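# Topology and contacts: notes
Here are the chains, one letter per residue:
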Amino acid sequence: MKRAFPIFAILTAGLLSYGLYGALVQAPTEQTMGDVQRIFYYHVPSAWTAFCLFFVNLGASIVYLLRRNPKADALALVCAEVGVVFCTVVLVTGPIWARPVWGIWWTWDLRLTLTLVLWLIYVSYLMLRRFSSSGQTPVMAAVLAVLGALDVPLVYFSIWFFRTQHPQPVVGGGGSIDPRMLHVLLMNWLAFSCFAMLVCWSRYRLEILRRQVEETQALESLLEAGNSR
Amino acid sequence: MSTPAGVTRATLAKDLRLEWRSKDAINSMLFFALLVVVIFSFSFDPTAEESRRIAGGLVWVAFLFAAVVALNQTWARELRNQVLDAYRVSPAPANSLFLAKVLGNFIFVSVLEGLMTPLFVVFYNLRAIGPAYQLVVVAALGTWALVVNGTFFAAMSLRTRSREIMLPLLLFPITIPALLAMVEATSSILTGEFSAKFWIVLLAVYDVVFTTGGLLFFEIVLHAE
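Residues numbered from 1 in each chain as written. Chains lettered and ligands numbered in written order. Predicted model: local features only at pLDDT ≥ 70, side-chain atom pairs only at ≥ 80, totals over all residues.

### Regarding the overall build of chain A
- Helices and strands together make up the secondary structure of chain A, namely six helices and zero strands.
- Listed by position from the N terminus, the elements making up chain A come as α-α-α-α-α-α.
- Principal-axis analysis of the C-alpha atoms gives chain A an extent of 80 × 45 × 25 Å.
- Counting only residues that meet the buried cut, chain A has 32% of its 229 residues in that class.
- Sequence separation of at least 24 residues holds for 78% of the intrachain contacts in chain A that already meet a minimum separation of 6. (Helix = DSSP H or I, 4+ residues; strand = E, 2+ residues; numbered from the N terminus. Buried ≥ 20, exposed ≤ 12 C-beta atoms within 10 Å, placed from the backbone. Contact = placed C-beta atoms within 7 Å.)

### Remarks on the overall build of chain B
- Broken down by element type, chain B carries eight helices and zero strands.
- N-terminal to C-terminal, the α/β element order of chain B is α-α-α-α-α-α-α-α.
- Overall, the C-alpha framework of chain B stretches about 55 × 30 × 30 Å when taken along its three principal axes.
- Residues counted as buried form 44% of the 225 residues belonging to chain B.
- Here the analysis covers contacts within chain B between residues at least 6 apart in sequence; of these, 84% occur between residues at least 24 apart.

### Brief notes about the interface of chain B and chain A
- On the side of chain A, 26 residues touch chain B, which itself brings 27 residues to the contact.
- Residues that form the side of chain B that touches chain A fall into these classes: 20 nonpolar, three polar and four charged. (Nonpolar A, V, L, I, M, F, W, Y, C, P; charged D, E, K, R; others polar.)

### Observations concerning unusual backbone geometry
- One non-glycine residue, Asn-81 of chain B, adopts positive backbone phi at about 60°.
- Relative to the assigned elements, Asn-81 of chain B resides in the loop between helix 3 (51-79) and helix 4 (83-89).

### Points about the confidence of the model for chain B
- Here chain B shows a mean pLDDT of 85. Residues at 70 or above account for 96%.
- Scored as a complex, the prediction yields pTM 0.85 and ipTM 0.84. (pLDDT = per-residue confidence, 0-100.)

### Things to note about the packing of helix 1 (residues 4-22) of chain B against helix 5 (residues 94-124) of chain B
Residues and elements named next belong to chain B.
- Between helix 1 and helix 5, the least distance of the axes is 8 Å, while the angle of their chain directions is 40°. Crossing hand, helix 1 versus helix 5: right-handed. Counting all contacts with helix 1, which are made through Pro-4, Val-7, Thr-8, Thr-11, Leu-12, Asp-15, Leu-16 and Glu-19, the residues of helix 5 involved are Ser-96, Leu-97, Leu-99, Ala-100, Leu-103, Gly-104 and Phe-108.
- Residues of the contact of helix 1 with helix 5, tallied by class, amount to nine nonpolar, four polar and two charged. (Axes fitted to C-alpha atoms, helices over the stretch in contact; angles between N-to-C directions. Left-handed = near helix turned anticlockwise from the far one by under 90°.)

### Considering the environment of Arg-111 of chain A
Residues and elements named next belong to chain A.
- If you trace the backbone, Arg-111 turns up in helix 4 (residues 110-131).
- For Arg-111, a count of 15 C-beta atoms within 10 Å puts it in the partly exposed group.
- Spatially, the C-alpha atoms of Arg-111 and Ile-159 are 8.8 Å apart, while their sequence positions differ by 48 residues.

### Brief notes about helix 8 (residues 197-223) of chain B
Residues and elements named next belong to chain B.
- For helix 8, with 27 residues, the first-to-last C-alpha span of 39 Å sits near the 39 Å given by 1.5 Å per residue.
- Along helix 8, the sharpest change in direction is near 45° and occurs at Phe-217.
- Those residues of helix 8 that fall on the buried side of the exposure criterion are Trp-199, Ile-200, Leu-202, Leu-203, Tyr-206, Asp-207, Phe-210, Gly-214, Phe-217, Phe-218 and Val-221. (Expected span 1.5 Å × (residues − 1). Bend = angle between axes of the 7 residues up to and from the residue.)

### Re the nonpolar core
- Membership of the largest hydrophobic core comes to 122 residues, with the highest contact counts inside it found for Ala-76 of chain A together with Phe-63, Ala-67 and Leu-203 of chain B.
- Beyond its immediate stretch of four places on either side in the chain, Phe-63 of chain B contacts Ala-33, Val-109, Leu-112 and Glu-113 of chain B. (Core = buried A, V, L, I, M, F, W, Y, C linked by C-beta atoms within 7 Å.)

### A word on helix 6 (residues 133-157) of chain B
- Between its terminal C-alpha atoms helix 6 of chain B stretches 36 Å, which fits the 36 Å expected from 25 residues at 1.5 Å a residue.
- Summarising burial for helix 6 of chain B: 20 of the 25 residues are buried, a large majority.

### Some words on the packing of helix 2 (residues 40-67) of chain A against helix 6 (residues 179-228) of chain A
Residue and element names in this part refer to chain A.
- Helix 6 packs onto helix 2 with a crossing angle of 45° between their chain directions and a minimal axis gap of 9 Å. Taken together, the axis directions place helix 2 and helix 6 in an arrangement best described as oblique. At the point where helix 2 passes helix 6, the crossing takes the right-handed sense. Across the interface between the two elements, Tyr-41, Tyr-42, Val-44, Pro-45, Ser-46, Trp-48, Thr-49, Cys-52 and Leu-53 from helix 2 touch Val-184, Leu-185, Asn-188, Trp-189, Phe-192, Ser-193 and Ala-196 from helix 6.
- Taken together, the residues of the contact of helix 2 with helix 6 sort by class into twelve nonpolar, four polar and no charged. (Parallel < 35°, antiparallel > 145°, perpendicular 65-115°, else oblique.)

### Brief notes about the environment of His-43 of chain A
All names here are of chain A.
- Structurally, the position occupied by His-43 is in helix 2.
- As a C-alpha pair, His-43 and Thr-93 span 50 residues in sequence and 6.0 Å in three-dimensional space.
- Excluding residues that lie within four positions of it along the chain, His-43 makes contacts with Val-90, Thr-93, Gly-94 and Trp-97.

Dropping the structure here:
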């Protein structure tokens, strides 16, 4: 497993460079939007990757609640952290693209608002983990992850209705996509997913190590206290 | 006494009696909501006709903030003299305690709303153009949504450092759809421009989902330590 990590890292670096080449050079320039559309190859794959990571977080949280397996909890934590980073990338690249194309930085459209609310829920998840110092943090966090997931469809329907009630003239994507663009997009998604997996992997190892160190330290201080008596 | 309903009744009666004698929660909530009303009125012209459109949002934001004040006290009260620990080792079902707390907070926040609504009407010159009886339904469902989640997350944030800050941080993101539904339903009824039916249904679904979720997980949260 340890040897696989650098190999996977090199593979990911290759994929990311190929993805960058594809996004900047290979993909045709969009007719109306021009070069600014190329941010799409980072924006959309980041969004998909973030949503996948949140999904893994939910799965790991459910497994933790059922089995109380600490590895599932570490996986949930790692996925939430990396997912929030990717979600932040989505929320930052979106306005950069929207400003020249829509003329506004932000609009309270369905997908934008849903992504923002999802980001808020997962930031509150990370806050809970940070502020809670007891040994039961994993349980609380897992419960919050499940409740947050229950919330997502409700958020979806509420904003969907909110927006259909007050329609806004927003130029959405829609229409067909050039196959070369689709190719670059999927390539970038693959690269981003690999990158996310790589970061999760190393963060996961770090988290497991950190917990082992904590356990050892606790054990040592217990032993010391026993010896000094 | 030992039935789950008996435990709920006893805990609820105890909370109501405590509140009746001290009036801590209701006083702090009332004063807080009053401050919010006054401070909001500086940010726009409260008597203008357009303010009717934002009044729904205003009312609920004031109630949300005020409810957090009461929700923060609901479990903190049980920490003194290790009441919560005693509850944990007793065979009484955890969900009875949860339901009692939710009902108690529901009553407190409803009383607050009953007292504050006339004030809103006077200060902001409100008048419902749509069907006003729906406002009662929206208020009941909306308050339940706030309170059921608030009680649950208040119990969760008991174990964290600086728990008073933690409660809104956990509660607000999850409550966004319910808050949106309450605000939109109230605005629809006040302006009479749209039907509030969809929002009432959404609120009811929200209440069912999160009441079930709360009852499902409360035992885990209570015994987590």
